[in-house]
Amino acid sequence: MKFRGLLLPLALCVLPAGCATGDAAGNDTGNSATAARTIAVTITSKTGAHTFQVDRATTAAEQERGLMFRTDLTDSNGMLFWPYPPNGPPREANFWMKNTPSALDIIFIRADGTIAHIAADAVPYDETPLSSGEPVAAVLEIKGGRAAALGIAEGDKVSWAK
């Protein structure tokens, strides 16, 4: 998925292509940097704590590529765009699903760690911008439908090792 904010393309998908560690087709190449960049993200909701093992996209290039072309998403992985945006204060985020073959739940996270908005079941390949609606400090992308299945909602707390 791609991000479009201030007319700068930024891939979203926290899930579409994964931290720029794959080949041109978006396949993981087994680079050890991938393992080092995978972190646990926990969302605490009314239904309990839900932990995801996610790739972390920190640079503009990694965030632009996001989860594009990725077809290997599981119920427990995804991508975290943090800090968002790179080298800047929180701002409103707009993501799209260009070149992203899997539906995603795009979770926009405020600076205080609470969920501001969830763009649920974002449609694969759709270039319609999906907005956070307010400034955010991070964005988490997980497999489409997981937030609803787990009872994750706006206002829930998101945490990870910073």
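For the structure, check the block above.
Calculation notes
- Residues numbered from 1 in each chain as written.
- Predicted model: local features only at pLDDT ≥ 70, side-chain atom pairs only at ≥ 80, totals over all residues.
- Heavy atoms only, no water.
- Helix = DSSP H or I, 4+ residues; strand = E, 2+ residues; numbered from the N terminus.
- Buried < 20%, exposed > 50% of the residue type's maximum accessible area, 1.4 Å probe, protein only.
- Contact = heavy atoms within 4.5 Å.
- Areas by Shrake-Rupley, 256 points an atom, 1.4 Å probe, with all protein chains shown as cover.
- Core = buried A, V, L, I, M, F, W, Y, C linked by side-chain atoms within 4.5 Å.
- Salt bridge = Lys/Arg side-chain N within 4 Å of Asp/Glu carboxyl O.

1. Notes on the overall build of the protein
The secondary structure content of the protein amounts to three helices and eleven strands. For the protein, the succession of helices and strands along the chain, N to C, is β-β-α-β-β-α-β-β-β-β-β-β-α-β. Residue burial in the protein is summarised as follows: out of 162 residues, 49% are buried. Contacts in the protein between residues at least 24 apart in sequence constitute 73% of all its contacts with a sequence separation of at least 6. A total of about 7000 Å² of accessible surface is found on the protein, and carbon and sulfur atoms cover 55% of it.

2. Quick word on the environment of Ala40
Following the sequence through the fold, Ala40 ends up in strand 3 (residues 38–45). Once residues within four sequence positions are removed from consideration, Ala40 is found in contact with Thr51, Phe52, Gln53, Ser159, Trp160 and Ala161.

3. Quick look at the nonpolar core
Counting residues in each nonpolar core, the largest one holds 19 residues, and the members touching the most others are Leu80, Leu140 and Trp160. The set of elements that each furnish at least two residues to this core consists of strand 3, strand 4 (48–57), strand 7 (104–109), strand 8 (115–122), strand 10 (138–143), helix 3 (146–150) and strand 11 (157–160). Formed by 17 residues, the second largest nonpolar core is a distinct cluster that contains Leu73, Tyr84, Met97 and Val136.

4. Topic: the pattern of salt bridges
Applying the stated criterion across every chain, the model contains six salt bridges. Here Arg70 and Asp55 are joined by a salt bridge, their closest N and O atoms 3.0 Å apart. On the criterion of sequence distance, the pair formed by Arg70 in the loop between helix 2 (60–65) and strand 5 (77–81) and Asp55 in strand 4 is long-range, its members being 15 residues apart. Using a relative accessible area of 8% as the deciding quantity, one classes Arg70 as buried. As a salt-bridge pair, Asp72 and Arg70 come within 2.7 Å of each other at their nearest N and O atoms. Bridged by salt links that share partners, the residues Asp55, Arg70 and Asp72 form one connected network.

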